[in-house]
Each structure stands twice: as C-alpha cells, then as structure tokens.
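# A structural walkthrough
Each chain, written out:
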Amino acid sequence: MEIAKISSKGQITIPVSVRNRLHLNTGDKVLILEENGRFYIENAVNMAFKRVEEGFRGAAAEAGFQSEKEMQDYVKEIREERRGR
C-alpha cells in the first residue's frame, strides 16, 4: 500500500513504486476507474491495448487462419500487393 498527498490544486504524485508497476512515464495518461465504490488507477495505453486485444480475440480463427504464420504470410502478401500499385 502506498500513500499519496493531494496538493492545493487537487493533484497527486503517484509514488515511484506504483509508477513502475503501472509502467508509467512522464506525460503518460492514467484512467481512474470506479467499481463497487472502489477506485483503481490504470495505465491508459495499456488499458486501450487490452480492450483492442479483447475485441479481436478469435477474429483470426473466424477468418480461417490456422496459425500465426498463416496470418503473417497473408499480411506480407497484402503489403507486397500494395507496394506494387
């Protein structure tokens, strides 16, 4: 558990140990989430990637790809076609 102090402007400094665990750097944005009366701080970029990943979960299999290599080969083929334009 860590303690942070609120400034007169309503700002808090996130302790170094928490910033390290959340992989936060200067200028990064955080999300403050509320769930059942508790508040949580998340790295906004990491949360966005998690949501995108969840949204695409299973999409490759639905598209008929049997392996990651098949998907990579398909992406390579598309890139080569676009370069040929």
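Preceding this paragraph is the structure being described.
Because the structure is a prediction, the values reported are computed rather than measured. (Residues numbered from 1 in each chain as written. Predicted model: local features only at pLDDT ≥ 70, side-chain atom pairs only at ≥ 80, totals over all residues. Heavy atoms only, no water.)

## A look at the pairing of strand β1 (residues 30-35)
Sheet topology note: the β1/strand β2 (residues 38-43) ladder contains 6 bridges and is antiparallel. Along β2, the bridge assignment pairs Leu-31 with Glu-42. If you look at the hairpin formed by β1 and β2, you'll find 2 residues sitting between the two strands, and Asn-36 has a positive phi there, around 55 degrees. (Pairing = 2+ DSSP bridges. Helix = DSSP H or I, 4+ residues; strand = E, 2+ residues; numbered from the N terminus.)

## Digging into the pattern of salt bridges
For the structure on display, the rule yields 2 salt bridges. Its salt-bridge partner being Arg-57, residue Glu-53 comes within 3.7 Å of it at the nearest N-O pair. Lys-69 is the partner of Asp-73 in a salt bridge, and the nearest nitrogen-oxygen pair spans 3.0 Å. Of this pair, Asp-73 and Lys-69 both sit in helix α4 (residues 68-83), separated by 4 residues, roughly a single helical turn. (Salt bridge = Lys/Arg side-chain N within 4 Å of Asp/Glu carboxyl O.)

Geometric descriptors of this kind do not, in isolation, establish any biological role.
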